[in-house]
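What the coordinates show
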Amino acid sequence: MDGSSNPGTWGTETGKNSKEERHCDANKVGDSSACCECPAGAVCKLGTTIESMRIKDGFYRHSRASAQTFECRHPNACAGTSTDPESDDVEKMRLEGDELCRVGFTGPLCSTCNDDYYLDGVDEVCVACDSKEAAKQSQSASKEILPIVVGVVFTLVIVVVAAVSMPGSVQDWYNRKVERIMTVSHHVTILIINAQLIVNLQTVTVFRGGKPFPEPFATVVRLCEIFNLDAFAVFRFGCVAGGFNYITKLYTATLSSIAVVIIIFLRRLYKVMYGGIVWDGEEMKFMFLLMFFTLPTTSMIIAKAFACVEFENGEGGVDKFMLVDMTLRCDDDRYTGTHIFAVSMGFVFPIGVPLAAYILLWTRRREIEARTTRLGGPELNVLSFFFRTYAPNRWRTGVVEMLRRLMPCWLLLLQHSSRVLLVALFISFLFLYGWREIMPCYDASSDLLGYASGWFVVTCILGLLASATMDDQVLGTSEEVVAWFLVLINVGILGLVAWLSARYDKIDIYDEREFGPGGTGAEAEAEAGAEAGSEACAEGQSAGATTTNGSGGAARPTARPKSTSFLEESRKSKTHKARRRRSGGFGVSHRSNRAGAAVAPAPAAAPAPAPDQAPGPGLVPGPVPVPGPAPDLRATVEPGPGAVS
C-alpha cells in the first residue's frame, strides 16, 4: 500500500468501496492519494497505514485493523505507541490493546489492574501488591490515608461512646451539652450526605465519558471518597483474593449486606421468644445506620452492571465489554446471569430500602408528629435516625433525602454525560426549591446549612458542565479558575458550620418571650402583628395621617413590607421549639429557655371572706359593680377592700 503524501491523513485507496473508508472519516484535506483523516488520539506520518497508525499517550486502540481510538479513563493508564518517536519497526511498536497500557494496567481502555495490582484511587495508578514494587510504582503515601483515617475514626467513636456511658464528669458534661452536640451531629450528617452526592456525581460523569472536576478541586473530591464507606476502595481485596473482579464485588457488596440484616433479624426473633420486640435493640439501630450510609455505594455498584461498551474488531464485527470492568464481556452466559442478579438487587436496595423506610416511618407517624424532643419516646428509639434531623411534621424529608442521595445511581442508566448533568441540575434545583419552601429541619441552623449545601451541589454540577464545554485553547486557565472557585466555596461551607456552632445560643435556643407563654411561633407572630398594627393606627390618628375612602370612612393604615432573611424565617417556623421538653435521656433538651430569661410569677389569689364576717364593700348584694382596671399579673395582688385580712 502506497503512503499518503499529506501529513494528517492516512491510507491510499480512494473511492467509495475502498477498505480504509469503511474504518475512517473521509479525507477533507483534498489529498488525492489518501482517503482518511487521522483520528483523534493518533499520529499519521507520511506513509501511514491502518496497521502502522501510531497512538498518542493517553489514548487506546482495540485492534490494529481498526482506526477507532478512545481516550483512556485513567490519565496515567495508557502509554501510547512507542517511547521512540523515530522508530518505524511496526513489530516492535505498541499499536493495539494491552500493548498500549502502562505496567499494571490491562483490558480495553487500560481500565483495569492486573492480578497482584490494586488501583490507587488518589494517584490513579495500578500499584503492585508487593511493597517493594509498590514503592517503584508510586512515590505517594496516599494509599495509606484511607485505612489510617478509618482506623482513627473507629477508635475515637469507641472511646467517646465508652466515656459518655460511664458515670463521671464526661457524662455530666455531655448531659448538659446534649442538645448542642445533637445539632452539631446533624450538621456533620448534612456535610457527609452532600460529600457523598458530589463524589458520586463525578463518578457518574466520568463513567459516562465526561470530564472530572478540574484540579485542585478534583483532589478534594477524591479525598472525600472516604465518606462513601466503600470497603473495596479502602482494603486491597485484589491483593488478597486472586481473580477479584466486578462480579465478585457485586455479589460481595449485596449479599454481605443481606447477610447482616438476616443475622440481626434472627437475633431479634430469638429475643421475641422471651418477651422482646422485633423493632428494638441496639443491633437494629446499627443496621439502619449502616444501611443509611452504605446504600448509595451499594446502589452505584448495582447500577454499573447495565452499561456496556463496543469496540470495532477490524473484521466487520464488534467486541462488547462491561463498562465497569472491561475484562468481562457483555455477550456471554456469565453476563446474562450477572444482569439478572443486578436487576433483582435493584429492587432490593435502591427501590426496596427507601420504600421500607417510608413504611416503617408511616406506621409511627402519629408518635413522630407528636414528639416533643428530637428522638421522641422509647418506642421511636430504633427509627429516630431517619427523622431526628427534621421537624415533627417533616419526617418524610428523611426519605426524600435518601432518594436524592440515590440520584447518581439512576443517572448511571443515562447514556451521555451531558444528559447526566442536565438531569442532575434539574433535580437539584427542584430539591432546593422544596427545601426553601418547607424548611424541614428541627433546627434553624440545620435549615441554613442544608440550603447552602444544596447550592454548593448545584455549583459543582455547573462546574462539571463548564469543565466539559470549555475550550482549552481559548481559555487555558478557565478550568483552574473554576476549580479554585469551588475550593473557596467548600471552605466557605466549613466556615458556615463553625459560625453556626459558635452562634448556637443565638440561633437555636428560644425563650418564652419569642413564642409567647405556651404558644407557638405563628401565634406569637400574629399577636405581635396585631399589636404593631394598633400602635401604627394610633400614631397615624394622632398625627392626622389617616386617609379616607370613597364613603368618607377612615382607610386602613398601609403596612410596610417587611423583608426577613432565610434564617429568620426558619426560626419563626420552628413552632415545635415552643413545646415543653422533659429532661433526661439521649437527645432530650435540658433547657427550654435562654439563660437569664425571667418568667413572671403567678398572681396570688385573694382570700375569701369568713362566714361570720359581714361582707365588705363591693360584696353587698345588689347591682354588679363596674369592674376596675385589670390587675398587673407580674406583681402579687394585694387583698382588696372587700377581702378579709
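Just above sits the structure.
Residues take numbers from 1 onward in each chain, read along the sequence in its written order. Given that the model is predicted, a residue must reach a pLDDT of at least 70 before its local features are reported, and side-chain atom pairs must reach 80 or more before they are shown or counted; all residues, however, enter totals for whole chains, interfaces and linings. Where side-chain values are given, they derive from all heavy atoms of the structure, hydrogens and water being excluded.

With that settled, consider helix α20 (residues 566-573). Residues spaced three or four apart along an α-helix point in a common direction, a consequence of the helix completing one turn every 3.6 residues. Accessible area is worked out with a 1.4 Å probe on protein chains only. A residue is then buried under 20% of its type maximum, exposed over 50%, and partly exposed in between. In DSSP terms, a helix is any run of H or I states spanning at least four residues, a strand is any run of E spanning at least two, and both are numbered starting from the N terminus. Here α20 has its buried residues at Phe 566, Leu 567, Ser 570 and Arg 571. Angularly, the buried residues of α20 cover 135° about the axis, an arc narrow enough to put them on a single face. Note that the arc is defined by the directions from the helix axis to the C-beta atoms.

By the convention used here, strands pair only if DSSP detects at least 2 bridges between them. Here strand β11 (residues 308-312) pairs with strand β12 (residues 318-322) via five bridges, running antiparallel. The residue bridging Val 309 from the neighbouring strand is Phe 321, located in β12. The antiparallel hairpin formed by β11 and β12 contains five residues in its connecting segment, where Gly 314 sits at a positive phi of about 80°.

This brings us to the environment of Trp 499. Counting through the fold element by element, Trp 499 comes out in helix α16 (residues 478-502). With a relative accessible area of 41%, Trp 499 lands in the partly exposed category. Considered as a pair, Trp 499 and Ser 445 are 54 residues apart in the sequence and their alpha carbons are 9.8 Å apart.

Cysteine sulfurs are considered disulfide-paired once they come within 2.5 Å of each other. Per the stated rule, a full pass over the model turns up five disulfides. Disulfide pairing places Cys 101 opposite Cys 110 at an S-S distance of 2.0 Å. On the sign convention where negative means left-handed, the S-S torsion of about -90° between Cys 101 and Cys 110 marks this disulfide as left-handed. An identical accessibility class is assigned to Cys 101 and Cys 110; each is buried. Cys 224 carries a free sulfur, and the closest cysteine sulfur to it, the one in Cys 460, is 9.7 Å from it. Since its relative accessible area comes to 21%, Cys 224 is described here as partly exposed.

This next bit is on the packing of helix α3 (residues 169-207) against α16. Running from amino to carboxyl end, α3 crosses α16 at an angle of 170°, the nearest separation of the two axes being 11 Å. By the angle between their axes, α3 is roughly antiparallel relative to α16. Taking contact as the criterion, the partners of Arg 180, Val 184, His 187 and Leu 191 in α3 are, on α16, Ile 493, Leu 494, Val 497, Leu 500, Ser 501 and Ala 502. Residue type decides the class: Asp, Glu, Lys and Arg count as charged, Ala, Val, Leu, Ile, Met, Phe, Trp, Tyr, Cys and Pro as nonpolar, and the leftover types, Gly among them, as polar. Residue classes in the contact of α3 with α16 are distributed as seven nonpolar, two polar and one charged. Lines fitted to the C-alpha atoms define the axes, with helices restricted to the stretch that makes contact. Angles between their N-to-C directions range from 0 to 180 degrees. Should an angle fall under 35 degrees it is called roughly parallel, over 145 degrees roughly antiparallel, and 65 to 115 degrees roughly perpendicular, with every other angle called oblique. Any two residues whose heavy atoms approach within 4.5 Å are treated as being in contact.

Side chains of a nonpolar character, in soluble globular proteins, are inclined to be buried together. Think of a nonpolar core as a cluster: buried Ala, Val, Leu, Ile, Met, Phe, Trp, Tyr and Cys residues, connected wherever their side-chain atoms sit within 4.5 Å. One finds Tyr 60, Leu 201, Phe 213, Phe 217 and Phe 311 to be the most contacted residues of the largest nonpolar core, which totals 75 residues. By residue number, the principal contributor to this core is helix α15 (residues 444-469), which donates eleven residues. Ignoring anything within four residues of it in the chain, the contact list for Leu 201 reads Met 407, Pro 408, Leu 411, Ala 424, Val 457, Ile 461 and Leu 464. In this structure, Leu 250, Phe 288, Met 322 and Leu 360 belong to the second largest nonpolar core, which totals 41 residues.

Another point: the side chain of Ser 384. Among the secondary structure elements, Ser 384 is positioned in helix α11 (residues 384-387). Definition of a polar contact: a pair of N or O atoms within 3.5 Å, with one able to donate and the other able to accept a hydrogen when the atoms are protein atoms, and with sequence-neighbouring residues admitted only if both atoms are side-chain atoms. A distance of 3.0 Å separates the side chain of Ser 384 from the backbone oxygen of Asn 381, its partner in a polar contact.

What follows deals with the pattern of salt bridges. One speaks of a salt bridge when a side-chain nitrogen belonging to Lys or Arg is within 4 Å of a carboxyl oxygen belonging to Asp or Glu. This model, assessed by the stated rule, comprises 14 salt bridges. Linking Glu 283 and Arg 267 is a salt bridge whose minimum nitrogen-to-oxygen distance equals 3.2 Å. Remark: Arg 267 occurs in helix α7 (residues 246-272) and Glu 283 occurs in helix α8 (residues 282-303); sequence separation between them is 16 residues. On the accessibility criterion, Arg 267 (46% relative accessible area) is partly exposed. In this structure, the salt-bridge partner of Arg 374 is Asp 443, at a minimum N-O distance of 2.7 Å. Taken together, the residues Arg 374 in the loop between α10 (365-370) and α11 and Asp 443 in the loop between α14 (417-438) and α15 connect sequence positions 69 residues apart. We classify Arg 374 as buried; its relative accessible area is 0%. Owing to a relative accessible area of 0%, Asp 443 belongs among the buried residues under this scheme. Connected via shared salt-bridge partners are Arg 267, Arg 268, Lys 271 and Glu 283.

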